[in-house]
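# Chains, contacts and geometry: an overview
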Amino acid sequence: MGVEKGDLLETIKCILLMCTGLLRAYKDEPGYDQGTRLKAITIVTEFMYSVERLRQRIMTEEYLVGFVGLGNVGKSTILNALFGVAVAPRKNKPMTALCVEYRYGDQWLIEIRYKNTFRTVTRKCSGPEDLLNCVEEYATEEGDHLDDPIQSVKVWIPSVLLSKGLVIADTPGFGAVHEQHMDRNHEAILLEYTPRFKNIYWVINKDQGITAKEHEFYKTYLKDQCDNLVVTACEDLEEDDKERFKTHYNKKLGLHFMKCDFVSGKRGWSARVSGNNDDLQESGICSLHDQLSNLGDMEERNSILLKELVDRCDEFSSYFYNSETKVVLEWPSTVLKRTIYAARKINFERDGEEVNLADYIGQRFN
Amino acid sequence: MHIIQPLIQDIVTWAEEVKDISRQMDNNEAANSIQQEIDALKTGKFMLAVMGKVKRGKSTFCNAFLGRTDNIVAPIDKLPASSVVTKFIYDENEKVVVYYRDGHQEVVGYNQIAKFVTESGNPENKLEVDSVEVYGPFGGLDQQLVLVDTPGAGSIHKHHDAILHGFIPKADAVIFLVTANMPLAADEVELLKELKSHDIQKIFFAINKVDDCEEQDINDGIEHNLKILAEAGISVSNIHRISAKNALNGNSSISGVPEMLDCITSFLNENQIKIIRSRFISKVSRIVEGLATNVAIQIESDSKSVQELEAEQIALSKRKEEINSDRGHAEKEFTFKWRSAIEDLKRVLPGCQRKLKEVVSAHIHATGVLQVDALRKSLPTFIANTRDEVLSKPFQDFEEQARKATEKLRAEYPAVSMSQDGSLTLRSGGKHENLLVTGSLGGAVAAATGMATVAAASGMTASIAAANAAAIAATAAAAHAAAGVAAFNTVAGLGATVVGTVLTGPLGAALGMAGTGLMGAAPTVAAPVLATAPAWLALAGPIGWTLAGAGVLIVPFAYRSSKLKQKDQLETESIKFIDGFFEIVFGEHIKHLSELSERIVTEFSLQLDNELIQIEKSLQKSILRKEELRGIDDLVNLSSRLCIVKDYMSKTH
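Residues numbered from 1 in each chain as written. Chains lettered and ligands numbered in written order. Predicted model: local features only at pLDDT ≥ 70, side-chain atom pairs only at ≥ 80, totals over all residues. Heavy atoms only, no water.

### A closer look at the sheet that holds strand 9 (residues 239-241) of chain B
Residues and elements named next belong to chain B. Strands sit in the order 4-3-5-2-6-1-7-8-9 across an open sheet of nine strands; the sheet is mixed. Sheet topology places strand 4 (105-108) and strand 9 at the edges, where each strand pairs with a single neighbour. Pairs of neighbouring strands in the sheet enclose a mean axial angle of 25°, with direction left out of account. Two strands pair when backbone bridges link them, and strand 1 (residues 46-52) and strand 6 (residues 145-149) are joined in this way by five bridges, in the parallel orientation. What sits directly across from Ala49, in strand 6, is Val148. This element, helix 5 (residues 158-167), spans strand 1, strand 2 (85-90) and strand 6 of the sheet and lies at about 145° to strand 1. Across the face of the sheet, helix 6 (residues 186-197) comes into contact with strand 1, strand 7 (173-179) and strand 8 (203-208) while running at roughly 170° to strand 7. (Pairing = 2+ DSSP bridges. Helix = DSSP H or I, 4+ residues; strand = E, 2+ residues; numbered from the N terminus. Axes fitted to C-alpha atoms, helices over the stretch in contact; angles between N-to-C directions. Contact = heavy atoms within 4.5 Å.)

Following this line, the structure appears as structure tokens:
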């Protein structure tokens, strides 16, 4: 079920156009009180941003995903579980003072680029253990390179996850107590990197929830770019717990158009080690793996992004056609027609059935 | 209570003394909080609070501590749960008391606890619960020991933090929970530092959820935590490794919780009374510190103000004497100088008169027969110019002397300024600008001054014009206005005079203008005035305010001279005019200048009287204020009592 890239882009363009019309309507139409107006405009704007991000992702060639999170939430464990090999340094104390980029390669390679001398060192490793040692040496707080700091660390590994072209960046953790100069350093690194990320996966720990500190972190670094929340340590969460978790924080923090994945990094990793596929499935790592892996492929990516687009449209309309907000969408009809026309050839799967995007949009927004 | 009574009697007596002192200081707030502390102390309860960051298993631990295998008394959730402070108190009967913020309370059953203490049951604490007390025959507790569950720190629910921080001062000892998989974070260190700042000496440190982690991770975590704690200056003797979850699930033997409880119990058995006493002393000492600081500040500010008031009184009295002794002399000197200036002027004026007549006569004689017509037209201007030439020097000299005399008087004048509320400010010496000048030159006053100047000048002009039989209703009205202004603000009027002395040139022009306006309104001389108007302006220029208005005298002359045909007639008329002019200068101007000195002296004198009254008032006021501050002895007394109280405690403990 291929999705024509051009059609998808055109549809997204039309949806954005419709939103512009909506914004104008909410701005000028009388009959809304100030609170509703503000709320509606916020939602429409956030929706537009998130759809625009999808558009960017459709167009990009190299798909770079950043994994971010506060210190020791279990980010590296998830990455290792995703890669299937332990190459992300994992220790029970703050780590990774640098971004480490993981790319696909049939050999275990590590490339270090230095900041001041523009020197590049490439090293061939004998296997994952050797590579991990190298990464730990360079990319941890223990590796001290103050005289000539490292600009970037790139790693090539033969991991299925990356085989379709995906690039993953492991970022430094935040919030743990470290020596003062390091904390600053971490922020600088993240600020330097985030504009390059096509998507940000924000990892939080279920046991910790989202604390005031995490919220601050989200607002400062992630708000404009992050669409994916990965909640780890979820081994004991039931389905309704997950739903509760989502609504609790959504309501409290206003995390709109955020896709939530509940995983258990630890369980996924031990399943990898033991080769227990059922466990791997249950840990949630599998679906996250497939999702990420397909994003690396230019063709398959479009189907995933189309699905995300539909999800967002669902969420978007849910904010409007409910009693709480009391706002009914009135789409500018000419643009709506154009949108439907652009989407006529796009189909997606929903609940096992094939749905035409044009029909969907017609139903959803008419 | 009877067990603890003898052990605390000494510190209760001590605290009662502090309470007594704070009552005497009218500090009921402090007295009440001391009473509260005493009441709390007498109950003999020991508050052992469980604290930590959000989602660290505090409520799970409480359940385990209390020997429960369910989470009814301390509800647990996968989302942040506890939103209020819950106290677990030993009692044979199960009972829950909910205390609301507005003071009322409610007794509920165990099954309703979750409705009040959890975020899901009571979101944002909309029920306004202050705290919940859960009574029951709990295993880990005894009659004295109270276990307290608190909301987690650093949650996105801001009110949780507020509740937690509000409780910290009430805690006697703390069980601090962290988790194995999360190393100590910056905000946890903050919380620990706050505990330390509240003199909480005993912190039981436990690393929870060890069942979730591998041995290596726990060891790394503990190593990291100890390092961070040492950096923060918090000493921890032992980090307990526990799994509250295991204990709750009935696997207490591998949970590490019983060992920790043993440790806590044995510590408390040994130190409970000691900690209760030292916590009580610490809390009351804080109040003592506050009281002592207050007293010290008050004593300092009061004694300072007494000193200031005394200094002010001395300065005021001194000033009063100075004014009284100096004023007579200053006034005499001024009057003398002013008079001698007038005498000087009077002496030279006849000579001027003579010289003017000679020059005018010579000019007329030198004129050819055929030029009489032209002479007739130019004569008023010629006379005016010549008069200016002759008179400007002596009048300028006079103005200079008058200015100096006035300035001298001003310098003698006391530099006292009044503020809105009538209090006085003394300025050292008498060299500063005085009230007259500030009053007349300052800001918007300048405009008013200008008005008054013009009006005063108009007054003079009016009197001269009246003597000339050309007075009309308009002039009278102007004179009226002048009188009105003078009455309204005599100081400003005087000020105008002073300004006049300084700003002779432009002011003279203004005076001339005023004269022109006035005369223009007079019907009898309408035509010639218009024709020769520029001459008056020129005439008024070089001569100062002393001769203001004199220029207009030329008008009737110009009118008359324009009718004359013969040279000798013109000469006679000119001489007559000049004589008449000088008669007026002597009769009106000189007289006016003499009167002016009297007015200036009167004004100054009145002003001085006014200042003296104000000084007297201020003196009275400062004497009264000093009376009020007499209470300083009492303060010193209280302060020394506080010192004794402080010393007593620091010596005994």
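Next comes the rest of the description.
### Some remarks on the layout of surface pockets
Residues and elements named next belong to chain B. As a volume, the largest pocket reaches approximately 950 Å³. In this structure, the largest pocket is lined by 30 residues; those nearest its centre are Ala40, Met47, Lys87, Phe167 and Lys170. Contributing elements (two or more residues each) for the lining of the largest pocket: helix 2 (28-43), strand 2, strand 5 (129-136), helix 5 and helix 9 (257-365). Among the elements that line the lining of the largest pocket, the one with the most residues is helix 2, at seven residues. A breakdown of the residues in the lining of the largest pocket according to their chemical character gives 13 nonpolar, six polar and eleven charged. (1 Å grid on protein atoms, 1.4 Å probe; cavity = no way out; pocket = protein on both sides within 12 Å on 5 of 7 lines; lining within 4 Å. Points joined across faces, edges and corners; volume = space filled by probe spheres on them. Nonpolar A, V, L, I, M, F, W, Y, C, P; charged D, E, K, R; others polar.)

### Some thoughts on the pattern of salt bridges
Counted by the stated rule, this structure contains 38 salt bridges over all chains. The salt bridge involving Lys206 of chain A is made with Asp236 of chain A; its shortest N-O contact spans 3.0 Å. You can see Lys206 of chain A sitting in the loop between strand 7 (199-205) and helix 6 (212-222) and its partner Asp236 of chain A sitting in the loop between strand 8 (226-232) and helix 7 (239-253), a full 30 residues away along the chain. Judged by its relative accessible area of 4%, Lys206 of chain A is buried. Across the salt bridge formed by Lys576 of chain B and Glu573 of chain B, the nearest N and O atoms sit 4.0 Å from each other. (Salt bridge = Lys/Arg side-chain N within 4 Å of Asp/Glu carboxyl O. Buried < 20%, exposed > 50% of the residue type's maximum accessible area, 1.4 Å probe, protein only.)

### Digging into the side chain of Arg301 of chain A
Residues and elements named next belong to chain A. Relative to the elements of secondary structure, Arg301 occurs in helix 11 (residues 298-320). No salt bridge is formed by the buried Arg301; the nearest opposite charge belongs to Asp297, separated by 7.2 Å. There is a polar contact of 2.7 Å between the side chain of Arg301 and the backbone oxygen of Leu295. (Lys, Arg positive; Asp, Glu negative; His and termini not counted. Polar contact = N/O pair within 3.5 Å; in protein donor to acceptor, adjacent residues only side chain to side chain.)

### Section: the environment of Asn251 of chain B
Here Asn251 of chain B lies in the loop between helix 8 (244-248) and helix 9. Sequence separation between Asn251 of chain B and Thr69 of chain B is 182 residues; the distance between their C-alpha atoms is 10.0 Å.

### Some words on the confidence of the model for chain B
Per-residue confidence for chain B averages 72 on the pLDDT scale, and 75% of its residues sit at or above 70. Note that pLDDT drops below 50 for residues 413-544 of chain B; the model gives that stretch 152 contacts with residues more than four away or on any other chain. (pLDDT = per-residue confidence, 0-100.)

### Notes on the sheet that holds strand 5 (residues 150-157) of chain A
Residue and element names in this part refer to chain A. The strand order 4-3-5-2-6-1-7-8-9 describes an open sheet built from nine strands, whose pairing is mixed. Pairing within the sheet leaves two strands with one partner each, and these edge strands are strand 4 (120-125) and strand 9 (259-262). Between one strand axis and the next, the sheet turns through 20° on average, direction left out of account. The pairing of strand 2 (residues 100-104) with strand 6 (residues 166-170) spans three bridges and is classified as antiparallel. What sits directly across from Glu101, in strand 6, is Ala169.

### Examining helix 13 (residues 357-365) of chain A
Every buried residue belonging to helix 13 of chain A is among Leu357, Ala358, Tyr360, Ile361, Gly362 and Phe365 of chain A, and all of these are buried. Its side-chain oxygen at 2.9 Å from the backbone nitrogen of Ala358 of chain A, Asn356 of chain A defines the N-terminal cap of helix 13 of chain A.

### As for the nonpolar core
Core analysis: the biggest nonpolar cluster contains 112 residues, and Phe67, Tyr102, Ile110, Ile168, Trp202 and Leu292 of chain A have the highest contact counts within it. Not counting residues within four places of it along the chain, the set of residues in contact with Leu292 of chain A comprises Val65, Phe67, Leu82, Leu161, Leu166, Ile168 and Tyr201 of chain A. Membership of the second largest hydrophobic core comes to 68 residues, among which are Phe61, Leu147, Leu268 and Phe280 of chain B. (Core = buried A, V, L, I, M, F, W, Y, C linked by side-chain atoms within 4.5 Å.)

### Points about the pairing of strand 2 of chain B
All names here are of chain B. Most of strand 2 sits out of view: five of its six residues are buried. Bridging between strand 2 and strand 5 involves six bridges; their strand directions are parallel. Among the inter-strand pairings, Val85 is bridged to a residue of strand 5, identified as Ser131. Taken together, the three bridges between strand 2 and strand 6 define a ladder with antiparallel strand orientation. Within strand 6, the residue paired with Phe88 across the bridge is Leu147.

### Notes on the pairing of strand 7 of chain A
Residues and elements named next belong to chain A. Where burial is concerned, most of strand 7 is hidden: seven out of the seven residues are buried. Where burial is concerned, the two faces of strand 7 agree: the one with Asn199, Tyr201, Val203 and Asn205 and the one with Ile200, Trp202 and Ile204 are both buried. Taken together, the four bridges between strand 1 (residues 63-68) and strand 7 define a ladder with parallel strand orientation. Looking at the pairing, Phe67 lines up with Tyr201 of strand 7. Between strand 7 and its parallel partner strand 8, the chain crosses via helix 6, and the hand of that crossover is right-handed. (Right-handed = clockwise from strand over helix to strand, strands pointing away.)

### Digging into the packing of helix 3 (residues 75-83) of chain A against helix 10 (residues 285-295) of chain A
Residue and element names in this part refer to chain A. Packing of helix 3 against helix 10 brings their axes to within 10 Å, and their N-to-C directions diverge by 70°. Comparing their axes, helix 10 and helix 3 come out roughly perpendicular. Facing Ile78, Ala81 and Leu82 of helix 3, the residues of helix 10 in contact are Ile285, Leu288, His289 and Leu292. Residue classes in the contact of helix 3 with helix 10 are distributed as six nonpolar, one polar and no charged. (Parallel < 35°, antiparallel > 145°, perpendicular 65-115°, else oblique.)

### A short note on the interface of chain A and chain B
Listed per partner, the contact involves 29 residues of chain A and 32 residues of chain B. Overall, the association of chain A and chain B removes approximately 2600 Å² of surface from exposure, summing both partners, and the carbon and sulfur fraction of that is 52%. Summed over the shared surface of chain A and chain B, the result is zero salt bridges. Between chain A and chain B we count zero residue pairs in polar contact (both at pLDDT 80 or more) in total. Looking at the side of chain A that touches chain B, the elements that each hand over two or more residues are helix 6 and helix 7 of chain A. The greatest single-element share of the side of chain A that touches chain B, amounting to seven residues, is contributed by helix 7 of chain A. Counted by class, the side of chain A that touches chain B contains nine nonpolar, nine polar and eleven charged residues. (Buried area = accessible area lost by both parts, 1.4 Å probe.)

### What about the packing of helix 1 (residues 5-28) of chain A against helix 2 (residues 34-59) of chain A?
All names here are of chain A. Where helix 1 meets helix 2, the closest approach of the two axes is 10 Å, and the angle between their N-to-C directions is 165°. For the element pair helix 1 / helix 2, the angle class is roughly antiparallel. Of the two possible hands of crossing, helix 1 and helix 2 adopt the one that is left-handed. Partitioned by chemical class, the residues of the contact of helix 1 with helix 2 number 18 nonpolar, two polar and six charged. (Left-handed = near helix turned anticlockwise from the far one by under 90°.)

### Here's the deal with helix 11 of chain A
With 23 residues, helix 11 of chain A ought to run about 33 Å at 1.5 Å a step, and its terminal C-alpha atoms sit 33 Å apart, in line with that. Structurally, the start of helix 11 of chain A carries an N-cap: the backbone nitrogen of Glu299 of chain A is 2.7 Å from a side-chain oxygen of Asp297 of chain A. (Expected span 1.5 Å × (residues − 1).)

### Quick look at unusual backbone geometry
All names here are of chain B. The backbone of Lys55 shows a phi angle near 60°, a positive value even though the residue is not glycine. Here Lys55 shows up in the loop between strand 1 and helix 3 (58-65). At Asp199, a position not held by glycine, the phi torsion is positive, near 65°. On the secondary structure map, Asp199 appears in the loop between helix 6 and strand 8. Assessed through its relative accessible area of 33%, Asp199 is described here as partly exposed.

### Details of the confidence of the model for chain A
Across chain A, pLDDT averages 80, with 86% of residues at or above 70. Between residues 177-183 of chain A, whose pLDDT stays under 50, and residues either more than four places distant or in other chains, the model counts 14 contacts.

### Re the packing of aromatic side chains
For the coordinates displayed, the defined rule picks out 17 aromatic pairs over all chains. Measuring from ring centre to ring centre gives 5.6 Å for Phe204 of chain B and Phe267 of chain B, while their planes differ by 85°; the resulting arrangement is edge-to-face. Of this pair, Phe204 of chain B sits in strand 8 while Phe267 of chain B sits in helix 9; the two residues are 63 residues apart in sequence, bridging distant segments of the chain. Geometrically, the ring pair formed by Phe577 of chain B and Phe581 of chain B is tilted, given 6.4 Å between the ring centres and 40° between the ring planes. On the criterion of helical spacing, the pair formed by Phe577 of chain B and Phe581 of chain B is a turn pair, its members being four residues apart in helix 18 (residues 567-628). An identical accessibility class is assigned to Phe577 of chain B and Phe581 of chain B; each is buried. Ring pairs connect the aromatic residues Phe47, Phe257 and Phe316 of chain A, which therefore count as one cluster. The ring of Tyr135 of chain B carries Lys95 of chain B above its face, with NZ or CZ at 4.9 Å from the centroid. Across from the ring centre of Phe267 of chain B, 4.5 Å away, lies the NZ or CZ of Lys202 of chain B, which sits over that ring. (Phe/Tyr/Trp six-rings, centres within 6.5 Å; stacked < 30°, edge-to-face > 60°. Lys NZ or Arg CZ within 6 Å of the ring centre and 35° of its normal.)

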